[in-house]
Amino acid sequence: MKIRLVKKEEYSFIEDFVYEIFKNTNYTDGVVEKALVREIREKHYYIPQLDLVVEEEGVIIGHFILSKLPISNKYENEILMLSPVSVAINYQRQGVGKYMLVEGIKLAAKMGFKGIIVEGDYRYYQRFGFKTSTEFGIYASKKNLPPSEENLMAMELCEYVMANISGEVDYSIYDALRH
């Protein structure tokens, strides 16, 4: 497996790749995730160095984006949002997601970011060091609550660097995530 930056000429392919992965889940049809990838790339929150794919023998088998995320309209240059994370169906449960997340977390820390926010399966993300976001004083906006409190998670990229960061995560900065 090899991790690399997404090339501009692959943007459309990646959007379709994300759609295909998520349309086969029992919690979404993939339309939101596809739209989110495009929208992240169009906003000033986008960080091209954190739009990454994993390849095996020249074939893309995974993709994820880490982008800037304001918390209560602050900390935009300190906190990242991890979303979406996509692994090709025939490569799931084979360590691709783990490889992507470990490499992405290392890269984000190296770039000087303080933390990462993710909404997802607590059982999966806790393996990487994510904790319920409320442990950091970070809460979901009432505009877009997660299925449960434990689904909104945060991770410090260095010990105690998020001690003075708290507030509300409001995903409605993205039209794709408004509900």
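Report on the accompanying structure.

## Overview of the sheet that holds strand E1 (residues 2–5)
Link 1 in the chain: Spatially, the 7 strands line up as an open sheet ordered E1-E2-E3-E4-E5-E8-E6, and their pairing is mixed. On the outer flanks of this sheet lie E1 and strand E6 (131–132), each paired with one strand and no other.
Link 2 in the chain: Sheet topology places strand E5 (residues 115–119) next to strand E8 (residues 152–156); 5 bridges connect them, and they run antiparallel. Bridging from a neighbouring strand, Gly 115 pairs with Glu 156 of E8.
Link 3 in the chain: Contacting strand E2 (51–56), strand E3 (59–68) and strand E4 (79–87), helix H1 (residues 11–22) crosses the sheet at an angle of about 70 degrees to E4.

## Some details on the nonpolar core
Link 1 in the chain: Formed by 34 residues in total, the largest nonpolar core has its most connected members in Ile 71, Ile 117, Ile 138, Val 169 and Tyr 171.
Link 2 in the chain: Among the elements of the structure, H1, helix H2 (31–42), E3, E4, strand E7 (138–140) and E8 are those that each provide at least two residues to this core.
Link 3 in the chain: The dominant element in this core, judged by the number of residues it contributes, is H1, at 6 residues.
Link 4 in the chain: Residues contacting Ile 138, with those up to four places away along its chain left out, are Ile 71, Ile 117, Ser 133, Met 162, Ile 165, Ser 166, Gly 167 and Val 169.

## Considering the packing of H1 against H2
Link 1 in the chain: Running from N to C, H1 and H2 cross one another at 150 degrees; their axes reach a closest spacing of 7 Å. In this view, H1 runs roughly antiparallel relative to H2, as classed from their interaxial angle. Considering how the two elements wind past one another, H1 and H2 form a crossing that is right-handed. Each of Tyr 11, Ile 14, Glu 15, Asp 16, Val 18, Tyr 19 and Phe 22 in H1 lies in contact with H2, whose residues at this interface are Val 31, Glu 33, Lys 34, Val 37, Arg 38 and Arg 41.
Link 2 in the chain: Grouping the constituent residues of the contact of H1 with H2 by class yields 7 nonpolar, no polar and 6 charged.

## Let's talk about H2
Link 1 in the chain: Under the 1.5 Å per step criterion, the end-to-end length of H2 is 17 Å for 12 residues, consistent within 8% with the ideal 16 Å.
Link 2 in the chain: Turning to H2, its buried residues are Glu 33, Leu 36, Val 37, Glu 39, Ile 40 and Arg 41.
Link 3 in the chain: Next to the buried residues of H2 lie H1, E2, E3 and E4.

## Overview of the layout of surface pockets
Link 1 in the chain: Roughly 1,500 Å³ of volume is contained in the largest pocket.
Link 2 in the chain: Counting only elements with at least two residues in the lining of the largest pocket, the list comes to H1, H2, E4, helix H3 (96–110), E5 and helix H4 (122–125).
Link 3 in the chain: Here the lining of the largest pocket takes 7 residues from E4, the largest share from any one element.
Link 4 in the chain: Across the lining of the largest pocket, the residue classes tally to 22 nonpolar, 14 polar and 8 charged.

## Concerning the packing of aromatic side chains
Link 1 in the chain: Across all of its chains, the model carries 5 aromatic pairs by this definition.
Link 2 in the chain: Centroid distance Tyr 124 to Tyr 125: 5.0 Å. Interplanar angle 90 degrees. Geometry classified as edge-to-face.
Link 3 in the chain: Residue Tyr 125 is classed as buried on the basis of its relative accessible area, which comes to 9%.
Link 4 in the chain: Linked through ring pairs, Tyr 124, Tyr 125, Phe 128 and Phe 130 together constitute an aromatic cluster.
Link 5 in the chain: The ring of Tyr 19 is capped by Lys 34, whose NZ or CZ atom sits 5.8 Å from the centre of that ring.
Link 6 in the chain: The cationic tip of Arg 41 hangs over the ring face of Tyr 11; the distance from NZ or CZ to the ring centre is 4.0 Å.

Calculation criteria
- Residues numbered from 1 in each chain as written.
- Predicted model: local features only at pLDDT ≥ 70, side-chain atom pairs only at ≥ 80, totals over all residues.
- Heavy atoms only, no water.
- Pairing = 2+ DSSP bridges.
- Helix = DSSP H or I, 4+ residues; strand = E, 2+ residues; numbered from the N terminus.
- Contact = heavy atoms within 4.5 Å.
- Axes fitted to C-alpha atoms, helices over the stretch in contact; angles between N-to-C directions.
- Core = buried A, V, L, I, M, F, W, Y, C linked by side-chain atoms within 4.5 Å.
- Buried < 20%, exposed > 50% of the residue type's maximum accessible area, 1.4 Å probe, protein only.
- Parallel < 35°, antiparallel > 145°, perpendicular 65-115°, else oblique.
- Left-handed = near helix turned anticlockwise from the far one by under 90°.
- Nonpolar A, V, L, I, M, F, W, Y, C, P; charged D, E, K, R; others polar.
- Expected span 1.5 Å × (residues − 1).
- 1 Å grid on protein atoms, 1.4 Å probe; cavity = no way out; pocket = protein on both sides within 12 Å on 5 of 7 lines; lining within 4 Å.
- Points joined across faces, edges and corners; volume = space filled by probe spheres on them.
- Phe/Tyr/Trp six-rings, centres within 6.5 Å; stacked < 30°, edge-to-face > 60°.
- Lys NZ or Arg CZ within 6 Å of the ring centre and 35° of its normal.

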